Amino acid sequence: MTLEDIDACDNNNETMHPVATALEDVLVAAHRRDSLTIGVYESAKLMDRDPDSVVLCLLAADPEHDNDVALSIHFTLIQAFCCDNDINILRVSGLQRLSEMIHSQIEPSSEPMDLHCILISNPHNNPWKSSSLDEVFNYCAECKSRNQWIPFMPLMDR
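Conventions we followed
- Residues numbered from 1 in each chain as written.
- Predicted model: local features only at pLDDT ≥ 70, side-chain atom pairs only at ≥ 80, totals over all residues.
- Heavy atoms only, no water.
- Helix = DSSP H or I, 4+ residues; strand = E, 2+ residues; numbered from the N terminus.
- Expected span 1.5 Å × (residues − 1).
- Buried < 20%, exposed > 50% of the residue type's maximum accessible area, 1.4 Å probe, protein only.
- Arc of directions from axis to C-beta.
- Contact = heavy atoms within 4.5 Å.
- Polar contact = N/O pair within 3.5 Å; in protein donor to acceptor, adjacent residues only side chain to side chain.
- Disulfide = S-S within 2.5 Å.
- Pairing = 2+ DSSP bridges.
- Axes fitted to C-alpha atoms, helices over the stretch in contact; angles between N-to-C directions.
- Core = buried A, V, L, I, M, F, W, Y, C linked by side-chain atoms within 4.5 Å.

*Asks:* Looking at this structure, I do not really get helix 4 (residues 69-84). What am I missing?
*Replies:* In an α-helix there are 3.6 residues to a turn, and that puts residues three or four apart on one side. The terminal C-alpha atoms of helix 4 lie 23 Å apart, and with 16 residues this matches the ideal 22 Å at 1.5 Å per residue to within 8%. Within the sequence span of helix 4, burial applies to Leu71, Phe75, Ile78, Gln79 and Cys82. Taken around the axis of helix 4, the buried residues stretch over an arc of 105°, which confines them to a single face. Turned more than 90 degrees off the buried face of helix 4, the exposed positions are Val69, Leu77 and Asp84. Taken together, the buried residues of helix 4 touch helix 3 (40-49), strand 2 (54-60), strand 3 (88-93) and strand 4 (117-121). Structurally, the start of helix 4 carries an N-cap: the backbone nitrogen of Ala70 is 3.2 Å from a side-chain oxygen of Asp68. Of the residues trailing helix 4, Asp86 is marked for its positive phi of about 55°.

*Asks:* Please explain the state of the cysteines as it appears in this structure.
*Replies:* Note on terminology: a disulfide is the covalent bond linking the sulfur atoms of two cysteines. In total, this model carries zero disulfides according to the counting rule given. With no disulfide partner, Cys83 has as its closest neighbouring cysteine sulfur the one in Cys82, 7.0 Å distant.

*Asks:* Can you walk me through the sheet that holds strand 2 in this structure?
*Replies:* Strand pairing in a sheet takes place through backbone hydrogen bonds and is either antiparallel or parallel in direction. Strands sit in the order 1-4-2-3-5 across an open sheet of five strands; the sheet is mixed. The sheet terminates laterally at strand 1 (36-38) and strand 5 (152-154), the two strands that pair on one side only. Put simply, the sheet's adjacent strands are angled 20° from each other on average, direction ignored. Strands in contact with helix 6 (residues 131-145) are strand 2, strand 3 and strand 5; relative to strand 3, the strand with the most contacts, it is inclined by about 90°.

*Asks:* Which parts of the structure should I look at to understand the nonpolar core?
*Replies:* Side chains of a nonpolar character, in soluble globular proteins, are inclined to be buried together. Counting residues in hydrophobic clusters, the biggest one holds 30 residues, and the most contacted among them are Leu23, Leu27, Leu90, Leu98, Ile118, Ile120 and Met153. Breaking this core down by element, the ones donating at least two residues are helix 2 (13-32), strand 1, strand 2, strand 3, helix 5 (95-103), strand 4 and helix 6. No other element matches helix 2, which puts seven residues into this core. Filtering out sequence-adjacent residues up to four positions away, Leu23 remains in contact with Leu56, Leu58, Leu90, Val92, Val136, Met153 and Leu155.

*Asks:* Help me out: how do you make sense of the pairing of strand 4 in this one?
*Replies:* Across a regular strand the side chains alternate sides, sitting on one face of the sheet and then on the other. Buried residues dominate strand 4, accounting for five of its five residues. Side-chain alternation along strand 4 places Cys117, Leu119 and Ser121 on one buried face and Ile118 and Ile120 on a second face that is also buried. Where strand 1 and strand 4 come together, three bridges link them in antiparallel fashion. Residue pairing for strand 4: Ile38 is matched across the bridge by Ile118. In this sheet, strand 4 lies alongside strand 2 in antiparallel orientation, the contact comprising five bridges. Each residue of the ladder has a partner; that of Val54, found in strand 4, is Ser121.

*Asks:* Please clarify how the side chain of Ser43 should be interpreted in this entry.
*Replies:* Counting through the fold element by element, Ser43 comes out in helix 3. Of the residues examined, Ser43 reaches a relative accessible area of 0% and is grouped as buried. Every residue in contact with Ser43, bar those within four places of it in the chain, is listed here: Thr37, Cys117, Ile118 and Leu119.

Written as C-alpha cells, this is what we have:
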C-alpha cells in the first residue's frame with residue numbers, strides 16, 4: 001500500500017460524495033462551455049499549445065490498469081507537466097461511472113473514448129466561475145495540505 005492509498009483510505013464517504021457531485025457538475029459545465037478535452041493525446045496537444053488555460057487534469061484508472069506500463073508513463077509525464085505549470089490534478093477510479101458522466105454529455109461516436117486523461121480548461125478571454133469547480137480545487141488543496149500531492153477520489157456508481 002502506498003502513501004496515496006493510505007490517505008485515500010482515510011477519507012470518509014461523507015467527504016467524498018459532495019466532491020464527486022461537484023466534479024460531475026464541473027464536467028457538465030465544462031462540456032457546455034466547450035472546455036473539456038478528452039484523451040491522453042488530445043490533452044497533451046492542448047497542454048503544449050495553451051497550458052495556462054488548463055485548470056484541472058483528471059487522471060482516471062481502475063485497479064486492473066495498475067500493471068499498464070504505457071499508461072503509467074503517460075500519467076507520470078502528465079503529472080510532471082501539471083506540477084510544473086500549477087495545474088490541479090485529481091486521480092480518480094471508477095472508469096464506468098466516469099464514462100456514464102461523460103457519455104451523458106456528448107453525442108455517441110463509433111470510436112471508444114480514452115477517458116484516462118480529461119482536462120478542464122478556463123480560457124482567459126472567457127473565464128467562468130463555478131462553486132463546484134471551487135469545491136474540487138478546495139479538495140485538491142486540502143489533500144495537498146495533508147501531503148497527498150496527487151489527490152485521489154473513487155467515483156461511486158449511483
